[in-house]
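Fold and geometry: a report
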Amino acid sequence: VQLQASGGGLVQAGGSLRLSCAASGRTFSSFFMAWFRQPPGKKREFVAAISQTGGSTYYADSVKGRFTISRDNAENTVWLQLNSLKPEYTAVYYCAAGPGYSGSRAYTPEWYGYWGQGTQVTVSS
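Below: a short report on this structure. Model, not experiment: these values are computed from the prediction.

**Observations regarding the pattern of salt bridges**
Following the criterion strictly, the structure yields 2 salt bridges and no others. Between Glu45 and Arg37 there is a salt bridge, with the nearest N and O atoms lying 2.6 Å from each other. Across the pair Asp61 and Lys64 runs a salt bridge whose closest N-O atoms are separated by 3.2 Å. Lys64 matches Asp61 in its accessibility class, with the two residues each being exposed.

Laid out in structure tokens, this is it:
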């Protein structure tokens, strides 16, 4: 599957963005989808994930209540709604596709075999 992330940009603290990840190729609905982010000079970290049907979602503690992940299998797209943004959320955001939820492994980049190119989110104070 090929993934194309978009929607990043420059936003003031407290603002919102909606990231999109469009998939093509293999059947999108068979993939467990996630968003990761990589702040400047830091490792890539888990942000959110969603099951194949969209019935289950998972969030990093740092973004619970602020970010919402969703998907539409008919549109082959997964979104990440970012609200109440903080400067520390500045990062390159990546979407990823994996085989399914498997406990703690689903929170690690190594679990995912397909990645989008990333979209930059910059939050100014």
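**A word on the packing of aromatic side chains**
Inspection of every chain in the model, using the stated rule, returns 13 aromatic pairs. Centre to centre, the rings of Phe31 and Tyr114 are 5.5 Å apart; their planes meet at 80°, and the pair counts as edge-to-face. On the criterion of sequence distance, the pair formed by Phe31 in the loop between strand 3 (17-24) and strand 4 (32-38) and Tyr114 in strand 10 (residues 114-115) is long-range, its members being 83 residues apart. You can call Phe31 buried: its relative accessible area is 6%. Residue Tyr114 is classed as partly exposed on the basis of its relative accessible area, which comes to 29%. Look at Phe32 and Tyr112: their rings are 6.4 Å apart centre to centre, the planes differ by 25°, and that puts the pair in the stacked class.

The rules behind these values
- Residues numbered from 1 in each chain as written.
- Predicted model: local features only at pLDDT ≥ 70, side-chain atom pairs only at ≥ 80, totals over all residues.
- Heavy atoms only, no water.
- Salt bridge = Lys/Arg side-chain N within 4 Å of Asp/Glu carboxyl O.
- Buried < 20%, exposed > 50% of the residue type's maximum accessible area, 1.4 Å probe, protein only.
- Phe/Tyr/Trp six-rings, centres within 6.5 Å; stacked < 30°, edge-to-face > 60°.
- Helix = DSSP H or I, 4+ residues; strand = E, 2+ residues; numbered from the N terminus.

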